[in-house]
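Spelled out from the first residue to the last, the chains are:
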Amino acid sequence: MMRKKSVSASKASLVLFLCQMISALEVPLDSKLLEELSQPPTITQQSPKDYIVDPRENIVIQCEAKGKPPPSFSWTRNGTHFDIDKDAQVTMKPNSGTLVINIMNGGKAEAYEGVYQCTARNERGAAISNNIVIRPSRSPLWTKEKLEPNQVREGDSLVLHCRPPVGLPPPIIFWMDNAFQRLPQSERVSQGLNGDLYFSNVQPEDTREDYICYARFNHTQTIQQKQPISVKVFSMDSLNDTIAANLSDTDIYGAKPVTERQPVLLTPTGSTSTKVELRGNVLLLECIAAGLPTPVIRWIKEGGELPANRTFFENFKKTLKIIDVSEADSGNYKCIARNILGSAHHVISVTVKAAPYWITAPRNLVLSPGEDGTLICRANGNPKPNISWLANGVPIAIAPEDPSRKVDGDTIIFSHVQERSSAVYQCNASNEYGYLLANAFVNVLAEPPRILTSANKLYQVISDSPALLDCAYFGSPKPEIEWFKGVKGSILRGNEYIFHDNGTLEIPVAQKDSTGTYTCVARNELGKIQNEVQLEVKDPTMIIKQPEYKVVQRYGQVSFECIIKHDSTLLPTVIWLKDNDELPDDERFLVGKDNLTIMNVTDRDDGTYTCIVNTTLDSVSASAVLTVVARPNPPFDLELTGQLERSVELSWIPGDENNSPITNFVIEYEDGLHEPGVWHYQTEVPGTQTTVQLKLSPYVNYSFRVIAVNEIGRSQPSEPSEQYLTKSASPDENPSNVQGIGSEPDNLVITWESLKGFQSNGPGLQYKVSWRQKDVDDEWTSVIVANVSKYIVSGTPTFVPYEIKVQALNDLGYAPEPSEVIGHSGEDLPMVAPGNVQVHVVNSTLAKVHWDPVPLKTVRGHLQGYKVYYWKVQSLSRRSRRHVEKKILTFRGNKTFGMLPGLEPYSSYKLNVRVVNGKGEGPASPDKVFKTPEGVPSSPSFLKITNPTLDSLTLEWGSPTHPNGVLTSYILKFQPINNTHELGPLVEIRIPANESSLILKNLNYSTRYKFYFNAQTSVGSGSQITEEAVTIMDEAMASRQVDIATQGWFIGLMCAVALLILILLIVCFIRRNKGGKYPVKEKEDAHADPEIQPMKEDDGTFGEYRSLESDAEDHKPLKKGSRTPSDRTVKKEDSDDSLVDYGEGVNGQFNEDGSFIGQYSGKKEKEPAEGNESSEAPSPVNAMNSFV
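Residues numbered from 1 in each chain as written. Predicted model: local features only at pLDDT ≥ 70, side-chain atom pairs only at ≥ 80, totals over all residues. Heavy atoms only, no water.

**Regarding the overall build of the chain**
Convention followed: Here a helix means four or more residues in a row that DSSP labels H or I, a strand means two or more in a row labelled E, and each is numbered from the N terminus. Residue exposure (1.4 Å probe, protein chains only): buried if accessible area is under 20% of the type maximum, exposed if over 50%, otherwise partly exposed. Contacts are assigned to residue pairs with any non-hydrogen atoms lying within 4.5 Å of each other. For every accessible area listed, the method is Shrake-Rupley and the probe measures 1.4 Å; residues are considered covered only by the protein chains on display.
A tally of helices and strands in the chain yields eight helices and 88 strands. Counting only residues that meet the buried cut, the chain has 43% of its 1188 residues in that class. For the chain, the proportion of contacts with a sequence separation of at least 24, taken over those separated by at least 6, is 67%. Split by element, the accessible area of the chain, about 62,600 Å² in all, is 50% carbon and sulfur.

**A closer look at the state of the cysteines**
Selection rule: A pair of cysteine sulfur atoms is labelled a disulfide when the two atoms are within 2.5 Å.
Tallied over the full model, the rule gives six disulfides. With a sulfur-sulfur separation of 1.6 Å, Cys377 is cross-linked through a disulfide to Cys427. Between Cys377 and Cys427 the sulfur-sulfur dihedral comes to about -65°; the bridge is accordingly left-handed. Residue Cys377 is found in the loop between strand S30 (373-376) and strand S31 (378-382), and its partner Cys427 is found in strand S36 (residues 423-431); the two are separated by 50 residues along the sequence. You'll find Cys377 and Cys427 in the same group, each marked buried. Two residues, Cys562 and Cys611, share a disulfide whose sulfurs are 1.9 Å apart.

**With respect to the confidence of the model for the chain**
Test applied: Residue-level confidence of the predictor is summarised by pLDDT, bounded by 0 at the bottom and 100 at the top.
Looking at the chain as a whole, the pLDDT averages 85, with 84% of positions reaching at least 70. Here residues 1107-1188 scores under 50 on pLDDT; set against residues more than four positions off or in separate chains, the count is 196 contacts.

**What about the sheet that holds strand S73 (residues 846-852)?**
Put simply, the rule is: By the convention used here, strands pair only if DSSP detects at least 2 bridges between them. Orientation is described by axes fitted as lines to C-alpha atoms, over the contacting stretch for helices, and by angles from 0 to 180 degrees between their N-to-C directions.
In space, the three strands of this open sheet follow the order S72-S73-S76, with antiparallel pairing throughout. With partners counted over all chains shown, the strands left at the sheet margins are strand S72 (835-843) and strand S76 (897-900), one partner each. Taking each pair of neighbouring strands and ignoring which way they run, the sheet shows an average axis angle of 20°.

**Here we look at the sheet that holds strand S25 (residues 311-314)**
The strand order across the open sheet built from three strands is S22-S26-S25, with neighbouring strands paired in antiparallel fashion. The strands lining the two open edges of the sheet, one partner per strand, are strand S22 (283-286) and S25. Neighbouring strand axes in the sheet, compared pairwise and without regard to direction, differ in orientation by 20° on average. For S22 and strand S26 (residues 319-322), the ladder comprises four bridges, and the chain directions are antiparallel. Paired with Leu285 across the bridge in S26 is Leu320.

**What about the pattern of salt bridges?**
So the rule is basically this: For this analysis, a salt bridge means a side-chain nitrogen from Lys or Arg found within 4 Å of a carboxyl oxygen belonging to Asp or Glu.
This structure, assessed with the given rule, holds 37 salt bridges. Among the salt bridges present, the one from Glu482 reaches Arg523, with a minimum N-O distance of 2.7 Å. Here Arg523 lies in strand S45 (residues 516-524) and Glu482 lies in strand S42 (residues 480-485), a separation of 41 residues in the sequence. When its relative accessible area of 24% is taken as the criterion, Glu482 is described as partly exposed. Between Arg554 and Asp603 there is a salt bridge, with its nearest N and O atoms 2.9 Å apart. Here the residue Arg554 occupies a position in the loop between strand S48 (550-553) and strand S49 (558-561), and Asp603 occupies one in the loop between strand S54 (595-598) and strand S55 (607-614), the gap between them amounting to 49 residues. Residue classification places Arg554 among the partly exposed residues on the basis of a relative accessible area of 23%. One salt-bridge network, in which partners are shared between bridges, spans Arg153, Asp156 and Arg261.

**Concerning the environment of Lys973**
With respect to the helices, strands and loops of the structure, Lys973 is situated in strand S81 (residues 967-977). Lys973 sits in the buried class, given a relative accessible area of 11%. Put simply, Lys973 and Leu986 are 13 residues apart on the chain and 6.6 Å apart in space, counted from C-alpha to C-alpha.

**Focus: the packing of aromatic side chains**
Each aromatic ring pair is characterised by the separation of its centres together with the angle its planes make. Short version of the rule: Aromatic rings from Phe, Tyr and Trp, with only the six-membered ring used for Trp, were paired whenever their centres fell within 6.5 Å, and each pair was classed as stacked if the ring planes differed by under 30 degrees, edge-to-face if by over 60, and tilted otherwise. Should the NZ of a Lys or the CZ of an Arg lie within 6 Å of a ring centre and within 35 degrees of the ring normal, that charge is described as sitting over the ring.
Counted under the stated rule, the structure contains 21 aromatic pairs. With a centroid separation of 4.7 Å and an interplanar angle of 45°, the aromatic rings of Trp957 and Phe1013 are classed as tilted. With a gap of 56 residues between them, Trp957 in strand S80 (residues 953-960) and Phe1013 in strand S84 (residues 1008-1017) connect regions that are remote in the sequence. Here Trp957 falls in the buried class, since its relative accessible area comes to 3%. Residue class for Phe1013 comes out buried when judged on its relative accessible area of 0%. Linked through ring pairs, Phe174, Phe180 and Tyr214 together constitute an aromatic cluster. Taking the ring centre of Phe897 as reference, the NZ or CZ of Lys848 above it sits at 5.0 Å. A cation sits over an aromatic face here: Lys895 above Phe897, 4.4 Å from the ring centre.

Here's what the structure looks like:
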């Protein structure tokens, strides 16, 4: 039966506790609300439980509390009422419970020692403070004592006791000398936790007379010192000398030498000890050992590990420190002292006790009349604490009864409370190591609902983020909260909303349509109240163009972009950071609207740059890394090792690569003996290599330097290495580029490239020059010359081959046997001319010439080729002679034929051929005469059209400048052009060659005609010349037009027409300037003269052309301003005998053997054809006439 009752009580307690959690009120910390609500007292500030005061200063015992109405204060001292009004030295601060005990005006602190407790009381209850123990601090003087000097043998242990006076609080101990310098401590000498100074073994240097222990009392800011302690250490040698001086020779004397000893613990003593420490404190365990050599201390925990993050070793590992200890740290801790002779150990059994500590401290309880609640007070400790309750500072057992209250151990259960149930309850948890005291009130209130959130408060959030709309409320009983959207909206429900217990409405994902007015309604049985708030949802701030990773060279310029998009109603601010810190205060950093620019970048600018965009509602950021690259720093610390006669090892340390990996190292050397100050390339190695084996030459004073290379460029050279002079040796190589070429017919000039200084391998560099005639059984002729590069052999036959060799030598010997080269003595002019010269005329402008080669013996030198000299004697169509201009074509090598391009048709030519060697030209062959056949003529020199009438035009022309044969006739073609520039039918007329004018009749009046005129020979038609003309109007029609012209309407019509024509003319001129074609041009191209065709490419060979009279120029320049007209008429001033198209260096191209590259052809004017376009835009006057 009892068991069932217990279970029922437990269930009832649980139910009541849950009810309390659900129904208990939280009073918001609203200042206005707190001023209006009644509230029992609450202690807000009090002095510490153990309060040590300075006896020289006033004692202030704090006690502050709040409540409604404001509480009154009273004190007890040592358990009885403390009447402050009866003590003139004690006052209480206004509106406070804090006591001030006046010590500075005659009071004594010792008289006020005791246990004090403060009570704060109002009509709703009383709160009490902790028991505050007041003790004045003490710093007593050291008791006088006579200290005997300590005489210790070297190697023995020693303890200097401090034994400071007992103070409150305990003093801080340290050891110093007379000069106030701290005594040095080590593994051998150290201070213990009790303040004593321990020597594991003494040494002679420990002898001194001023070992002074100091005690510092922090509360009184005083330092006390002990009498100096003297220590004298006797060494074995001095002790033996003393004994020998005091004993006779027959006495046996002699102290033992310093002997090593195994460890012995000085503290703690024995093999075991115990230690009790409180939970949360710092555990300090100490072991100090004597021994020689000085022992080393090690700590272990038996059956476990030392806590990793809370264990520290101090005082040279003699002290084990564990912070924030708990019950789990209880156990046996062993210290082991060890040296080479053995070990000693001590086990400390640690027990961790605990003063009471809270598991659940009681909390203030605000209830409505008729509600239920609980106060819970749970604490733990070791041993387990005892829980006791007080009501308004009185033990609950003797406190006035309250029918709504029931005490159940650590819980007070309240049922159907009324306003008279308001009180302050104290929970006391205590054990032998301390106590806890907590105040918690029960405040029974009956209040209608109140909404504490400001009316019409505006909330602004970013789209897609949560929106929290506050509705801070209070009421007793606890009001129910409902939310509505809009003034007349329905109640908000559903998963899209979250309703918090504190009245807050949460919209987890606010959207644009969430904007609006929201109404919060609070109601309880005592009333109802509502409040409206506004919500605005803004567009999020975005970085649409983020900064990007940049790599920039040192001293360059770099920019980071940060382009943002934001809500138009928000004002963003952009901040740039470097490595999460402010930008350097440097004018090189330019912050623009959308970017950050860094000028003249340095290595310090390397890092991460962040663009942060802040608005009042959100913040976004984006970062990018800037890597500053540069040429690497030069290598340093060059070192030469492994020096041999022909090699050495060079090593170095690379410099900073400046963010761009080193790809390779270039090694250079300086020859201080032969070329000081000049650095030469030696070799290069990959960037991962920092040593290299270098091949060396004899007789060189080497210095080396290293250059690092990365993608940016080369570093500055390193500092030169030390110099290394290699030994001398005979030359390893002979001169290069040995040649034998005669400068005169009777000599041989032998030349070579001299060895460089380091190639000489030793002093006294010379050359042995040897030669002999080839294919002749002659001995070598040799001569030794100084360090030169040329030797001349005189008296040689003309152009004879010689075998030549040049050998280097120095004071130590000869170089290896040199290779032989073939040279020739000097050349002379060729002796004979080419024979059997023949000419074959290919066409009117091209001929082929043949000849027989000359015997090689007569060339008397290196055959370079043949030259053909040719010139025009006269034109067959005109008998007048002109100035003769000789032209030259050179044919390289042993050629026996060549092509002569660019000849003039119907002309007489002469030519001769000569052989050429390195000395010059041989005699000319006899002149050979040849003639070119007729060709097509050039265009007539001019075409004029005069005397226009209604139906006729007069044409006059000049004969072609270059008839290129006998003219047979002229061809005239013409056709009309209408107002739309369309061409009419083409008419052709053949005119005898001896005519120079023609009258064309039966033409249409007021009509434009286009004429095409060219000459013919028996070969075909030449280039044409074009012209246009207009016949005049009929006189009667003109008179009618004059009559019409007097009419006003006609004048207006003509003005409009004239304006249109002007616009058309402007368009025509623009098209013509841009290269556009008229239909006439296209038809003109379509009626090309079939007789004018380009010449086919011949199989003949063309030589290098040169004008004999203009050797200084490649060709004659074009006359200033000469050009081909747009209508393709040939002007009279064009060159009539130019070979520009075929000569060397102009347009012709030749192979090395003289072969002509390309096609030889002439360009002709195309024939006109029927069509609808004109090749020339009409003048404004003609256009007007054509229109009429």
